[in-house]
Amino acid sequence: RSHVTLKVPNQLQRSRTKDEDAAHRSAVALLAVLAEQLGRPDLAGVSVLDVGCGVKFSQAILNDGLPIGSYTGVDVYRPVIDHLSSSVDDPRFTYHHVDFFNGRYTPEGTPMTAASTLPLGDRTFDLICGFSLFTHLDPGDFASMLQIMARHAHHDTRLVFTAFLDKHSPGGHGVVDEYSKALGADVSTGEPYRDFFPDDELRVALYSEDHARALVEASPW
């Protein structure tokens, strides 16, 4: 396959920082984690559904020539989907906009429920991922999204996602570690859920580990 370069305008970079090199390193590392979760050296032959896709996985896979079976990206931010759809000419890649409400990103959207659907028909995937997705969802949408994703899983599908947990991490790199250090006091409270910055809605949707696990265990997963 010929080498391609996917360029993305800075304003469409959805990573925590606008450092494109850092975003690239993050994407490559996370793609390696995904392969590891499947017990594989890479994602060759793997069909991937990325919900809340942003741009960095597409850039890393295409610009570095990383192997993948297929990549389907879904996002509520239409400018990202429009740019990727018009810029990526590779049959392995498809992109879809979804009009889900989110208090932070899409206050004009349609409320998400367990019956909401993605525009993917009955297609299933080997791997479904959500990075920086559940980190910005309240408990109701967290539960609904698990139901929505499960419709696109077959019996061997693996789901990999991130969430902000209200606990200190062994390596000191978690969000509670970060903010406790910055504020000079332990910010962990053990509450099942809280919007950590109520004046900056869903910037950090913070869950106790027990509550996050309970939401997963109550889902088809």
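What this report covers is the structure whose coordinates are included nearby. (Residues numbered from 1 in each chain as written. Predicted model: local features only at pLDDT ≥ 70, side-chain atom pairs only at ≥ 80, totals over all residues. Heavy atoms only, no water.)

A closer look at the overall build of the protein chain
Filter applied, for reference: A run of H or I in DSSP counts as a helix once it spans at least four residues, and a run of E counts as a strand once it spans at least two, with each numbered from the N terminus. Note on method: radius of gyration uses C-alpha positions; expected globular size equals 2.2 Å times residues raised to 0.38. Burial status follows relative accessibility: with a 1.4 Å probe on protein chains alone, a residue under 20% of its type maximum counts as buried, one over 50% as exposed, and anything between as partly exposed. Positive: Lys, Arg. Negative: Asp, Glu. His and the chain ends are not part of the count. Throughout, a charge is located at the NZ atom of Lys, the CZ atom of Arg, the CG atom of Asp or the CD atom of Glu.
Secondary structure assignment for the protein chain yields 6 helices and 8 strands. Along the protein chain, from the amino end to the carboxyl end, the secondary structure elements read α-β-α-β-α-β-β-α-β-β-α-β-β-α. The C-alpha radius of gyration of the protein chain comes to 17 Å, within 12% of the 17 Å expected for a compact globule of 221 residues. Counting only C-alpha atoms, the protein chain reaches 50 × 40 × 40 Å along its principal axes. In the protein chain, which comprises 221 residues, the share counted as buried stands at 43%. Within the protein chain, one finds 19 positive and 30 negative side-chain charges whose respective centroids are separated by 4 Å.

Points about the nonpolar core
As a reminder of what qualifies: To form a nonpolar core, buried Ala, Val, Leu, Ile, Met, Phe, Trp, Tyr and Cys residues must be joined to one another through side-chain atoms within 4.5 Å. Note on definitions: a residue-residue contact is assigned when non-hydrogen atoms from the two residues lie within 4.5 Å.
Leu 34, Leu 43, Val 48, Phe 57, Tyr 71 and Phe 93 are the most contacted members of the largest nonpolar core, which totals 27 residues. Excluding anything up to four places from it in sequence, Val 48 contacts Leu 43, Ile 68, Ser 70, Tyr 71, Thr 72, Phe 125, Leu 127 and Cys 129. Core analysis: the second largest hydrophobic core is formed by 24 residues, Leu 120, Leu 137, Ile 148 and Leu 202 among them.

Looking at helix H2 (residues 56–64)
Listed in full, the buried residues belonging to H2 are Phe 57, Ser 58, Gln 59, Ala 60, Ile 61 and Leu 62. In this fold, the buried residues of H2 make contact with helix H1 (20–37), strand S1 (43–51), strand S2 (68–75), helix H3 (78–87), strand S3 (93–97) and strand S4 (125–130). Gly 65 sits one or two residues past H2 and shows a positive phi near 65 degrees.

Remarks on the sheet that holds S2
Adjacent strands of a sheet pair through backbone hydrogen bonds, lying either parallel or antiparallel. Going by this rule: For two strands to be treated as a pair, DSSP must find no fewer than two bridges joining them. Throughout, an axis means a line fitted to C-alpha atoms (over the contacting stretch in the case of helices), and angles, computed between N-to-C directions, take values from 0 to 180 degrees.
Pairing within the open sheet is parallel, and its 5 strands lie in the order S3-S2-S1-S4-S5. Each edge of the sheet is formed by a strand with only one pairing partner; in this case those strands are S3 and strand S5 (153–161). Pairs of neighbouring strands in the sheet enclose a mean axial angle of 20 degrees, with direction left out of account. Across 6 bridges, S1 lies against S2 in parallel orientation. If you follow Leu 43 over to S2, its bridge partner there is Ile 68.

Considerations on the packing of aromatic side chains
Aromatic ring pairs are described here by two measures, namely the spacing of the ring centres and the angle between the planes. Heads up, the condition is: Any two of the Phe, Tyr and Trp rings considered here, Trp counted by its six-membered ring, make a pair once their centres fall within 6.5 Å; the pair's planes then place it as stacked at under 30 degrees, edge-to-face at over 60, or tilted in between. The criterion is that NZ of a Lys, or CZ of an Arg, lies within 6 Å of the ring centre and within 35 degrees of the ring normal, and then a charge sits over that ring.
Taken as a whole and judged by the stated rule, the model has 11 aromatic pairs. Among the aromatic side chains, those forming a connected cluster through ring pairs are Phe 134, Phe 142, Phe 161, Tyr 193 and Tyr 207. In this structure, Arg 203 packs its charged tip against the face of Phe 197, placed 4.3 Å from the ring centre.

Some thoughts on the sheet that holds strand S6 (residues 164–165)
Pairing in this open sheet of 3 strands is mixed, and the strands run S6-S8-S7 from one edge to the other. Strands with a single pairing partner mark the edges of an open sheet, and in this sheet they are S6 and strand S7 (193–195). Two elements, S6 and strand S8 (residues 205–207), share 2 bridges in a ladder whose sense is parallel. Paired with Phe 164 across the strands is Leu 206, a residue of S8. Together, S6, S7 and S8 form the strand contacts of helix H6 (residues 209–217), whose direction differs from that of S8 by roughly 95 degrees.

Notes on the pairing of S5
Examined bridge by bridge, S4 and S5 share 5 bridges and lie parallel to one another. Bridge assignment links Ile 128 to a residue of S5, and that residue is Leu 159.

These figures come from the coordinates and say nothing about function on their own.
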